[in-house]
Amino acid sequence: MAQTEVLVAGAGLAGLSAGIHLLEQGAGRLRVRVLERGHVIGGKASSMPHRDKATQRTFTVDHGFHVFFDYPNLGPRLQALGADGGLARAKHEVLIWSEGAVRRFQAWDVPSPFHLFPGGLLSGLYGPVDGVKIFRFMFDIFVTEIDRLSAAERRALDAISFDDYARQHGLSDDVINSSFFRFVTQSAFIFPKSMSALAAVAAMQLVAQNYDAVACRYLNRGCSDVVIEPLRQHFLRLGGILEKFKAVEHVNVTGDRVSSFTVENNKHYIHATEATTNWYSNYHSTETHAAGPPPVTTDVTAAYYVAALPPRDLEEVLSPASLALPYFEKITRLETQRTIAFTLWYDRVVSPPDADGAIIGLPGPFSTVADLHWLQRDPEGRGSVVQFVGEDGAYASRPDADIVADAMDVLHRVWPAARTATIEKKLFHRGNHDAFFLSTPGSDELRPDAASPYPNLFLAGDYTQTGFRVICMEGAYISGMQAANEILAREGLPRARVLPMKEPGGVISLARLAKRALGGATGP
Ligand SMILES: Cc1cc2nc3c(=O)[nH]c(=O)nc-3n(C[C@H](O)[C@H](O)[C@H](O)COP(=O)(O)OP(=O)(O)OC[C@H]3O[C@@H](n4cnc5c(N)ncnc54)[C@H](O)[C@@H]3O)c2cc1C
């Protein structure tokens, strides 16, 4: 049987998901080829083993530690592939940075996110009046049913920043800017600017529905091991073709259709640099792979094309004529921000022994720091694996050394044991390759649907319209399903079923029902 060719650019989660669903639903009629410019599969959800020459130890380097919520599509998929053993439910101790010191408080055994409030009150992070206001605000947020809002209501919620939204609910700037509020509302997670209220509500609902009172799921090994590798192997078992060092350079258009991808092999080679003695190593770089064959450029044709590339990479490969089309022009207005991840491997444990996964809500630029030692159980690891994740905005014009100095200052105050412990390895990563899409006010309108104006080109990626709204692994996975579904529909093949986020249950679901019964008002 002659097969219909599909060419996918980008082997991140979105590209892999598109490939898997095309092959699973395609009944042998589709041939899928995924092209990845680098030597690592998985994009922002990848991790790399890094062999340290000096110590002969292997360190797992992640882009940033990944929390795995109860994702309705990716979760069952990993379970079906027998890969969910890598998702450990871990107790997390929450420490909040407040007025130059860390406050530690216990979560109560009541449904999330309300489990944080009694502890916050008792540890003096806010007074009773603000406590009541925060509680009411959060309750309103959880009762909001985004998918039942009218388009106009959704636009209004997206147009306003989360901070202004909180102000409208009577919260003071002191409360809004406190680390506690930022942490429980997720409104500052590696975000330099305020998220739109719509994006923040979606993120808070996701987190709240998945954290139980004292624990949530983390990856207990590198992200590539737990998430990407099972998917990659599944894609290959289905007969998919995966090619590394194949950078898509141009999306060529003839008439009103995409006619080919111009592909250059071996242009982008991402390698790990030796960093044992170098504090400020950026462990990724883009250069020609000296040992490989010389770059060759070819035009590759297919019946359908999927661009599973982040917005900035997509812009680079589109022609000015394509970028002038309203569909693509909107993408150029989406904001992105590069992230910083900073990992320290210690010779001993520096975080408190009773915390399985200590997470600290910090002021910028690092929004969180965690000790992955408790989560990753690295067989070769002896001590804490401390990882900071943050955004580059506040430090854009400052050298790496400033960031490291500020981070170390905070760390030493948070976990004093780190002062005397020996750092065995340190990696600092501040790269353009993993720029994060920012859900700033007004951005929901700019996020593209999978089907482009070219009838044979489809977009996938965490920044596209997925209905999930949170920039995360599940969003990327759903976007791949959606791009695949567009092609499957055109080929008369059955579509893959995209499952929605689960209902929160309990008091929130009852309140939603009551609100609906009282006139259908489900909005804020
Ligand atoms: C620091 C950090 C922490 C995060 N934490 C979490 C978390 O806790 N939980 C969670 O669920 N999610 C988290 N995420 C988000 C999650 O990792 C991403 O949403 C998801 O991995 C994005 O997948 P993607 O396929 O859309 O894009 P990407 O992962 O960016 O994939 C795009 C791929 O395309 C390739 N590519 C680019 N240009 C070209 C080209 N011209 N030709 C060929 N290939 C190309 C890239 O090399 C890459 O492999 C985090 C992300 C970061 C950066």
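None of these values were measured; they are calculated from a predicted model.

Draft legend 1. Looking closely at the overall build of the protein. The number of helices and strands found in the protein is 17 helices and 23 strands. When burial is assessed residue by residue, the protein has 56% of its 524 residues classed as buried. Summed over its atoms, the accessible surface of the protein is roughly 20,600 Å², and 54% of this surface lies on carbon and sulfur atoms.

Draft legend 2. Representation of the site of the ligand. Around the ligand, 31 residues are found, and the nearest of them are Glu36, Lys44, Val67, Tyr71 and Asp462. A distance of 3.2 Å separates an oxygen atom of the ligand from a polar atom in the backbone of Leu13. Within the backbone of Met473, an N or O atom sits 2.9 Å from an oxygen atom of the ligand. Out of a free accessible area of 1,000 Å², the ligand has 95% covered by protein chains. Elements with a minimum of two residues in the shell around the ligand: α1 (13-25), β10 (246-254) and α16 (473-490). Sorting elements by how many residues they give to the shell around the ligand places β10 first, with three residues.

Draft legend 3. Layout of unusual backbone geometry. If you check the backbone angles, Ala27 has positive phi at about 50 degrees while not being a glycine. With respect to the secondary-structure elements, Ala27 resides in the loop between α1 and β2 (30-35). Here Arg469, not a glycine, exhibits a phi torsion of approximately 70 degrees, which is positive. Following the sequence through the fold, Arg469 ends up in the loop between β23 (457-459) and α16. Since its relative accessible area comes to 9%, Arg469 is described here as buried.

Draft legend 4. Just α16, in detail. In this model, α16 (18 residues) spans 27 Å end to end at C-alpha, consistent with the 26 Å of a helix rising 1.5 Å per residue. Most of α16 is tucked away, with 14 of its 18 residues classed as buried. Two residues or fewer past α16, Gly492 is found with a positive phi of approximately 70 degrees.

Draft legend 5. Layout of the packing of helix α4 (residues 128-143) against helix α17 (residues 506-517). At a closest axis distance of 9 Å, the pairing of α4 and α17 adopts a crossing angle of 70 degrees. Here α4 is positioned roughly perpendicular relative to α17, judged by the angle of their axes. Two secondary-structure elements touch here, α4 through Phe139, Phe142 and Val143 and α17 through Val507, Ile508, Ala511, Arg512 and Lys515. In terms of residue class, the contact of α4 with α17 is built from six nonpolar, no polar and two charged.

Draft legend 6. Highlighting the sheet that holds strand β11 (residues 257-265). Taken in spatial order, the three strands make up an open sheet running β10-β11-β14, and their pairing is antiparallel. One side of each edge strand has no neighbouring strand; the edge strands of this open sheet are β10 and β14 (297-300). Taking each pair of neighbouring strands and ignoring which way they run, the sheet shows an average axis angle of 25 degrees. Across four bridges, the pairing between β11 and β14 is antiparallel. The residue bridging Glu264 from the neighbouring strand is Thr297, located in β14.

Draft legend 7. Expanded view of the confidence of the model for the protein. When pLDDT is averaged along the protein, the result is 81; 79% of the residues meet or exceed 70. Every residue in residues 270-291 is under pLDDT 50, and counting partners more than four places away or in other chains gives 70 contacts.

Draft legend 8. Region of interest: α17. In this model, α17 (12 residues) spans 17 Å end to end at C-alpha, consistent with the 16 Å of a helix rising 1.5 Å per residue. Within the span of α17, buried status applies to Ile508, Ser509, Ala511 and Arg512. Taken end-on, α17 shows its buried residues confined to a sector of 160 degrees, consistent with a single buried face. For α17, the exposed residues set more than 90 degrees away from the buried face come down to Gly506, Val507, Leu510 and Ala517.

Draft legend 9. Region of the structure containing the packing of α1 against helix α10 (residues 223-237). Direction vectors running N to C along α1 and α10 enclose 35 degrees, while the axes themselves pass 10 Å from each other. In this structure, α1 meets α10 at a crossing whose hand is left-handed. Residues Leu13, Leu16, Gly19, Ile20, Leu23 and Glu24 of α1 form the contact with α10, whose participating residues are Val227, Ile228, Leu231, Arg232, His234 and Phe235. A breakdown of the residues in the contact of α1 with α10 according to their chemical character gives eight nonpolar, two polar and two charged.

Definitions and cut-offs
- Residues numbered from 1 in each chain as written.
- Predicted model: local features only at pLDDT ≥ 70, side-chain atom pairs only at ≥ 80, totals over all residues.
- Heavy atoms only, no water.
- Helix = DSSP H or I, 4+ residues; strand = E, 2+ residues; numbered from the N terminus.
- Buried < 20%, exposed > 50% of the residue type's maximum accessible area, 1.4 Å probe, protein only.
- Areas by Shrake-Rupley, 256 points an atom, 1.4 Å probe, with all protein chains shown as cover.
- Near = heavy atom within 4 Å.
- Polar contact = N/O pair within 3.5 Å; in protein donor to acceptor, adjacent residues only side chain to side chain.
- Expected span 1.5 Å × (residues − 1).
- Axes fitted to C-alpha atoms, helices over the stretch in contact; angles between N-to-C directions.
- Parallel < 35°, antiparallel > 145°, perpendicular 65-115°, else oblique.
- Contact = heavy atoms within 4.5 Å.
- Nonpolar A, V, L, I, M, F, W, Y, C, P; charged D, E, K, R; others polar.
- Pairing = 2+ DSSP bridges.
- pLDDT = per-residue confidence, 0-100.
- Arc of directions from axis to C-beta.
- Left-handed = near helix turned anticlockwise from the far one by under 90°.

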